[in-house]
Amino acid sequence: MRRNDRPGRRPLPPLDSARLERLALRYVERFATTRGKLAVYLARKVRERGWEGEAADPVAIAERFAELGYVNDRIYAESKASAMARRGLGARRVNDALRHAGVQEGDTAEITPQIAERTNETALAFARKRRIGPFAEVQADRAMITKHVAAMVRAGHSPDLAWKIARMEPGESVEPLLDAD
């Protein structure tokens, strides 16, 4: 049940340009966001509360906020990619998350080389966290290796790299993989 639909509560007034702009300001001060996410949020608010006055253009507000520097897709993409890399997620997952957040291709293309440089490092971070391959306590059997590879692929790593790491012996040195970066 939406906030407007609750019995016993006064319905919220329909939005106008000033109210929509205030909502946008509150949203960008609370959350790191992109132009795309801001426009979707504003369009949802217009749908939920209705509109009063001239036609609303959430995309124009999001673009104006980007021009003013309140929203910066490139900085958002860099910080999101960095956070996901620290969690051990691979390039495919990072790119999917950025696309889902509405980051434009141009902004994503600028940070793609940075993501590619850390491929082995992020895969090893994921393996360390999940105790896969060289970070396992005991050598895994074929079925467990297959499950480990599947987990790494779901995390956005390439199947070749996932197999290489999952087949490593417990305690084996990871230096050759780090040197390949």
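Residues numbered from 1 in each chain as written. Predicted model: local features only at pLDDT ≥ 70, side-chain atom pairs only at ≥ 80, totals over all residues. Heavy atoms only, no water.

1. Some points on the overall build of the protein
When you go through the protein residue by residue, the secondary structure sums to ten helices and zero strands. Taken from N to C terminus, the helices and strands of the protein fall in the order α-α-α-α-α-α-α-α-α-α. Against the compact-globule benchmark of 16 Å for 181 residues, the protein has a radius of gyration of 22 Å, which places it well outside the compact range. A principal-axis box enclosing the C-alpha atoms of the protein has dimensions of 65 × 40 × 20 Å. Across the 181 residues in the protein, those meeting the buried criterion constitute 36%. (Helix = DSSP H or I, 4+ residues; strand = E, 2+ residues; numbered from the N terminus. Rg over C-alpha atoms; globule rule 2.2 N^0.38 Å. Buried < 20%, exposed > 50% of the residue type's maximum accessible area, 1.4 Å probe, protein only.)

2. Here's the deal with a nonpolar patch on the surface
A cluster of nonpolar side chains, contributed by L25, L68 and Y70, occupies part of the molecular surface with about 300 Å² of accessible area. Note that Y70 resides in the loop between α3 (58–68) and α4 (73–86). Residue Y70 is classed as partly exposed on the basis of its relative accessible area of 46%. (Patch = residues over 30% accessible without salt bridge, like charges linked within 9 Å, V, L, I, M, F, W, Y side chains within 5 Å. Areas by Shrake-Rupley, 256 points an atom, 1.4 Å probe, with all protein chains shown as cover. Salt bridge = Lys/Arg side-chain N within 4 Å of Asp/Glu carboxyl O.)

3. A look at α4
Between the first and last C-alpha of α4 there are 20 Å, a value that for 14 residues agrees with the 20 Å anticipated at 1.5 Å per step. Here α4 has its buried residues at D73, Y76, A77, A81, M84 and A85. Along the long axis of α4, the arc covered by the buried residues comes to 155 degrees, so they all point the same way. Of the exposed residues in α4, the ones pointing more than 90 degrees away from its buried face are I75 and R86. Those residues of α4 that are buried lie in contact with α2 (35–49), α5 (91–100), α6 (105–117) and α7 (119–130). For α4, the N-terminal capping position is held by N72, with its side-chain oxygen 3.1 Å away from the main-chain nitrogen of R74. Once α4 finishes, G88 follows within two positions and takes phi at roughly 90 degrees, a positive value. (Expected span 1.5 Å × (residues − 1). Arc of directions from axis to C-beta. Contact = heavy atoms within 4.5 Å. Polar contact = N/O pair within 3.5 Å; in protein donor to acceptor, adjacent residues only side chain to side chain.)

4. Brief notes about the side chain of H157
Inspection of the secondary structure assignment puts H157 in the loop between α8 (142–154) and α9 (159–166). Here H157 falls in the buried class, since its relative accessible area comes to 4%. One polar contact links the side chain of H157 to the main-chain carbonyl oxygen of G88, over a distance of 2.7 Å. Apart from residues lying up to four places away in sequence, H157 is in contact with G88, L89, G90, T119, T122, A123, F126 and M152.

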